[in-house]
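Tertiary structure, described
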Amino acid sequence: MSTDPSDLSGIWANTAASLSPGWELGGLRCASTGLTPEDRSEEWIAVATGPDGLEVKHQATEPRDALEGLVPLVHGAADEDG
């Protein structure tokens, strides 16, 4: 199931609002590592940055899942850090 691009701004806003204090949603990108067919990927990577430059990434097949899957990872990292 593909995410409607018009929904991504709402998903982005919800994800950013759900992160632990001191954390920022840094980006969403394709997981491809190059332009050749063997380097291409259908996966997406969401990234958040936190205190002291800590970075958390979550990779999934859909942009929505990459963004939403980032939240529990950030909460876990925040719990370990604080």
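The text that follows walks through the structure, step by step, so that each part is easy to find. Here the structure is a predicted model, which is why all the values come from computation and not from measurement.

1. A few points about the overall build of the protein chain
- Scanning the protein chain from terminus to terminus reveals two helices and three strands.
- In sequence order, the protein chain lays out its α and β elements as α-β-β-β-α.
- Projecting the C-alpha coordinates of the protein chain onto the three principal axes gives extents of approximately 40 × 25 × 15 Å.
- Going through the 82 residues of the protein chain one by one, you find that 30% of them count as buried.
- When contacts within the protein chain are restricted to residue pairs at least 6 apart in sequence, those whose partners lie at least 24 apart make up 39%.
- A total accessible area of about 5,200 Å² is found for the protein chain, and carbon and sulfur atoms account for 51% of it.
- Computed over 4 positive and 15 negative side-chain charges, the separation of the two mean positions in the protein chain equals 7 Å.

2. Overview of the pattern of salt bridges
- Per the stated rule, a full pass over the model turns up two salt bridges.
- With its nearest N and O atoms 3.7 Å apart, the salt bridge here joins Glu-55 to Lys-57.
- Look at Glu-55 and you get partly exposed, because its relative accessible area is 44%.
- Ionic pairing is found between Glu-68 and Arg-64, a salt bridge with its closest N-O pair at 3.7 Å. Of this pair, Glu-68 and Arg-64 both sit in helix 2 (residues 63–81), four residues apart, which is roughly one turn of the helix.
- Residue classification places Glu-68 among the partly exposed positions, given a relative accessible area of 40%.
- Of the residues examined, Arg-64 reaches a relative accessible area of 32% and is grouped as partly exposed.

Cut-off values and rules
- Residues numbered from 1 in each chain as written.
- Predicted model: local features only at pLDDT ≥ 70, side-chain atom pairs only at ≥ 80, totals over all residues.
- Heavy atoms only, no water.
- Helix = DSSP H or I, 4+ residues; strand = E, 2+ residues; numbered from the N terminus.
- Buried < 20%, exposed > 50% of the residue type's maximum accessible area, 1.4 Å probe, protein only.
- Contact = heavy atoms within 4.5 Å.
- Areas by Shrake-Rupley, 256 points an atom, 1.4 Å probe, with all protein chains shown as cover.
- Lys, Arg positive; Asp, Glu negative; His and termini not counted.
- Charge placed at Lys NZ, Arg CZ, Asp CG, Glu CD.
- Salt bridge = Lys/Arg side-chain N within 4 Å of Asp/Glu carboxyl O.

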